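Understanding the architecture of this molecule
Residue-level listing of the chains:
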Amino acid sequence: MIFRRLGQIFIMSLLLWQASAFAMLELELTQGVDKALPIAILPFTGQPEGSDADNMTSVIRTDLRNSGRFQVLSDDVFPEHPMSFASVNSSLWKRNKIEGIVIGRIQGNSSGYDVNFQLVDVYSNKILASQEYHVQQNQFRALAHHISDIIYQQLTGERGVFSTRITYVLVQQWPDRPRQYTLEVADSDGFNPKPLLISSHPIMSPAWSPDGKSMAYVSFENNHAAIYVVDIITGNRRLISEYPGINGAPAWSPDGSQLALVLTKTDQPKIFVLDINTHQLTQVTDGWSIDTEPNWAPDGQSIIFTSDRGGSPQIYRVSVNNHHVQRITFSGNYNARASFTPDGKSIVMLHREDKLFNIAVQDLQTGRVTELTRSGLDDSPSLAPNGGMVLYGTQYGDRAVLGVVSTDGRVKLRLPAREGEVQEPAWSPFLS
Amino acid sequence: MQNRFIKLLVFITCLLAITACSSLHSGSGAKGEQGVSAQQAADQVAESKGVGSSDTFSGENTVNGADNSTKLLAPHDQIYYFDFDDSSIHSSDQASLGAQSNYLAAHPDKKVRLEGDTDERGSREYNVALGWRRARAVAQMLEQEGVSKNQLSLVSYGQENPVALGHDESAWRLNRRVELKYTN
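Residues numbered from 1 in each chain as written. Chains lettered and ligands numbered in written order. Predicted model: local features only at pLDDT ≥ 70, side-chain atom pairs only at ≥ 80, totals over all residues. Heavy atoms only, no water.

1. Considering the pairing of strand β13 (residues 237-241) of chain A
Residues and elements named next belong to chain A. Bridging between strand β12 (residues 226-231) and β13 involves 4 bridges; their strand directions are antiparallel. From the neighbouring strand, Val229 faces β13, where its bridge partner is Arg238. A loop of 5 residues connects β12 with β13, the two strands running antiparallel in sequence, and Gly235 in this loop sits at a positive phi of about 80 degrees. (Pairing = 2+ DSSP bridges. Helix = DSSP H or I, 4+ residues; strand = E, 2+ residues; numbered from the N terminus.)

Have a look at this one:
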């Protein structure tokens, strides 16, 4: 556990969008771990008047609670309200079996707000983290997520994803109007949604570039499929692929210089790799099968994809250099849309067992498959950049909603939309 | 008494006439019923996608005509249905496909778009590929009968463009389809 110097200033990357109090998706924890770590987030003093969305204490408490790994205690069980580490009476907290305390303070001044916080380990009586920031009020929410990341990392050893984003396709239908499809980007808790594309035609397969600055997607505007890449900040987009037939499933190489995609130039859906700068197009798979849903290995040397070359959809791996193909999945009669965990040792995929479509993880070394979900109507799994959580599409109460499940299966969340159906999610990379 | 009897007779005759009319228009072969119910389903869904009317062909005998093109009446947009995870065309659709290809081969300026669709089960991009296979199967059958590639454009929407929004076989079977749409 690292002791951090008091007064260390951290310059936050400025968010170009105003934080908003609106969430199109509402995140609900439906299952947490058995032995959640008890932690007390004391109310940050000096929180200025404003909307609830800016309340730093509340955002941090919600983040940590929704991670499923913390038991975030409510005010009435606090034995005292210390203003700083110096005044903490740790025996009082130990008696209540509380392991961590977060103390925070917000102070306004002429140019904005100074915010500082301390994370205290009760049992060792040490400061695990202590930071000070200078921000504007419209950055409170983002700063709270950043503080949640620090707390999460200190106490679990894993990098937090509270400052990451998600994208998804929202489908809305009203009487006497065509369906409306919206590609949206929001904070990972569903807040602050912004549209990237609004269309009366389907939108599919959004894919974040590895630097988090661009998004590739498939759009059916003009009554045929085409792949675009949009700059997320400016909204400028360019057309990447518009061959006759399928233009589908774009997937970025780890260095961001290439896109794997699916084309029917040879009449069958095949995997191609397009160099984004030189525009060189290389065919990577061949034959009469359906080959689709490519995703790159973290080392950029191979691509896994869905193929029915064996008779039913299964996952295969093709080497980028010599195009040698190898089958990966042997359990269940339908495996699709696989992607690698960041350590390259497992894949997460759509897996059918007994007619039920669920999200599963397969250990590549042992071949063992573990199902993470149970609803039977799941699709589109997307891993968080820390490899710890999977975002996916599912059904709930006859509506299409998003779900989140941890890769050990212990934590579950649901994100329904306020209105309409939501599908095709993708989790951003780390953004800061 | 006689008046009432006549009225009843007229009433029954009308009923019979109406029934006869609807069965005339319910299309050729076994696909007729499905075509009608797709129309009903499309109306309930309130989706303005222009799902075609049921397949009706009133082509005339063209054996003697040197000028075939003026004798053949334009066919309508049509829907072909498929089994789960399958892209083979039902044999009962061959007659209507034959009528479409006859017309298109005789009118090389006419173009159609073939839209492939699937039900919602399974992986989305895989379903785009499956819908593609279905559209290709229809295209190949038309091409074999003399329709030029230039007259056909193909797109697959996979599961993204359902006409029926339920989550059971009664909805799924209506979504597993290729829509043939005249674009001029």
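2. With respect to the packing of aromatic side chains
Summed over all chains, the structure comprises 10 aromatic pairs over all chains. Ring geometry for B:Tyr103 against B:Tyr182: centres 6.1 Å apart, planes inclined by 70 degrees, an arrangement best described as edge-to-face. With B:Tyr103 in helix α4 (residues 94-106) and B:Tyr182 in strand β4 (residues 177-182), this residue pair connects regions lying 79 residues apart in the sequence. By way of ring pairs, the aromatic residues A:Phe70, A:Tyr152 and A:Phe162 are connected into one cluster. (Phe/Tyr/Trp six-rings, centres within 6.5 Å; stacked < 30°, edge-to-face > 60°.)

3. Some words on the nonpolar core
Counting residues in each nonpolar core, the largest one holds 67 residues, and the members touching the most others are B:Leu114, B:Val138, B:Leu142 and B:Leu152. Ranked by residue count, the leading element in this core is helix α5 (residues 124-144) of chain B, at 9 residues. Apart from residues lying up to four places away in sequence, B:Val138 is in contact with B:Phe82, B:Ile89, B:Leu97, B:Leu114 and B:Val178. Counting residues in hydrophobic clusters, the runner-up holds 28 residues, among them A:Tyr133, A:Leu143, A:Ala144 and A:Phe162. (Core = buried A, V, L, I, M, F, W, Y, C linked by side-chain atoms within 4.5 Å. Buried < 20%, exposed > 50% of the residue type's maximum accessible area, 1.4 Å probe, protein only. Contact = heavy atoms within 4.5 Å.)

4. Remarks on the side chain of A:Ser90
Of note, A:Ser90 is situated in helix α2 (residues 90-95). With sequence-adjacent residues up to four places away left out, A:Ser90 is seen in contact with A:Val122 and A:Asn125.

5. Some details on the interface of chain A and chain B
Contact residues are listed per partner, giving 41 residues for chain A and 29 residues for chain B. Between chain A and chain B lies a buried interface of about 2800 Å² when both sides are counted; carbon and sulfur atoms form 53% of it. For chain A, the biggest contributors to the area lost against chain B are A:Arg179, A:Asn223 and A:Ile290; these three give 19% of the whole. Salt-bridge contacts for A:Asp308 lead to B:Arg133; the nearest nitrogen and oxygen are separated by 3.0 Å. Among the elements of the structure, β10 (203-208), β14 (247-252), β18 (291-296), β22 (334-340), β23 (346-353), β26 (379-383) and β30 (421-427) of chain A are those that each provide at least two residues to the side of chain A that touches chain B. Of the residues assigned to the side of chain A that touches chain B, the class counts are 18 nonpolar, 14 polar and 9 charged. (Buried area = accessible area lost by both parts, 1.4 Å probe. Salt bridge = Lys/Arg side-chain N within 4 Å of Asp/Glu carboxyl O. Nonpolar A, V, L, I, M, F, W, Y, C, P; charged D, E, K, R; others polar.)

6. Thoughts on helix α3 (residues 140-156) of chain A
All names here are of chain A. Here α3 spans 24 Å end to end across 17 residues, near enough to the 24 Å set by a 1.5 Å rise per residue. Buried residues dominate α3, accounting for 14 of its 17 residues. Looking one or two residues past α3, Gly157 carries a phi angle of roughly 85 degrees, positive in sign. (Expected span 1.5 Å × (residues − 1).)

7. Looking at the pairing of strand β24 (residues 356-363) of chain A
Residues and elements named next belong to chain A. Of all the 8 residues making up β24, 6 are buried; the element is thus mostly covered by neighbouring parts of the structure. Pairing between β23 and β24: 8 bridges, direction antiparallel. Residue pairing across strands places Ile347 opposite Gln362, the latter belonging to β24. From the end of β23 to the start of β24, which pair antiparallel, there are 2 residues, and Asp354 there has a positive phi angle of about 55 degrees.

8. Concerning the sheet that holds β12(A)
Think of a sheet as strands paired side by side through backbone hydrogen bonds, with each pair either parallel or antiparallel. Residue and element names in this part refer to chain A. With antiparallel pairing, the 4 strands of this open sheet are ordered in space as β10-β11-β12-β13. Looking at the sheet topology across the chains shown, the edges are occupied by β10 and β13. The average angle at which neighbouring strand axes cross in this sheet is 25 degrees, direction not considered. (Axes fitted to C-alpha atoms, helices over the stretch in contact; angles between N-to-C directions.)

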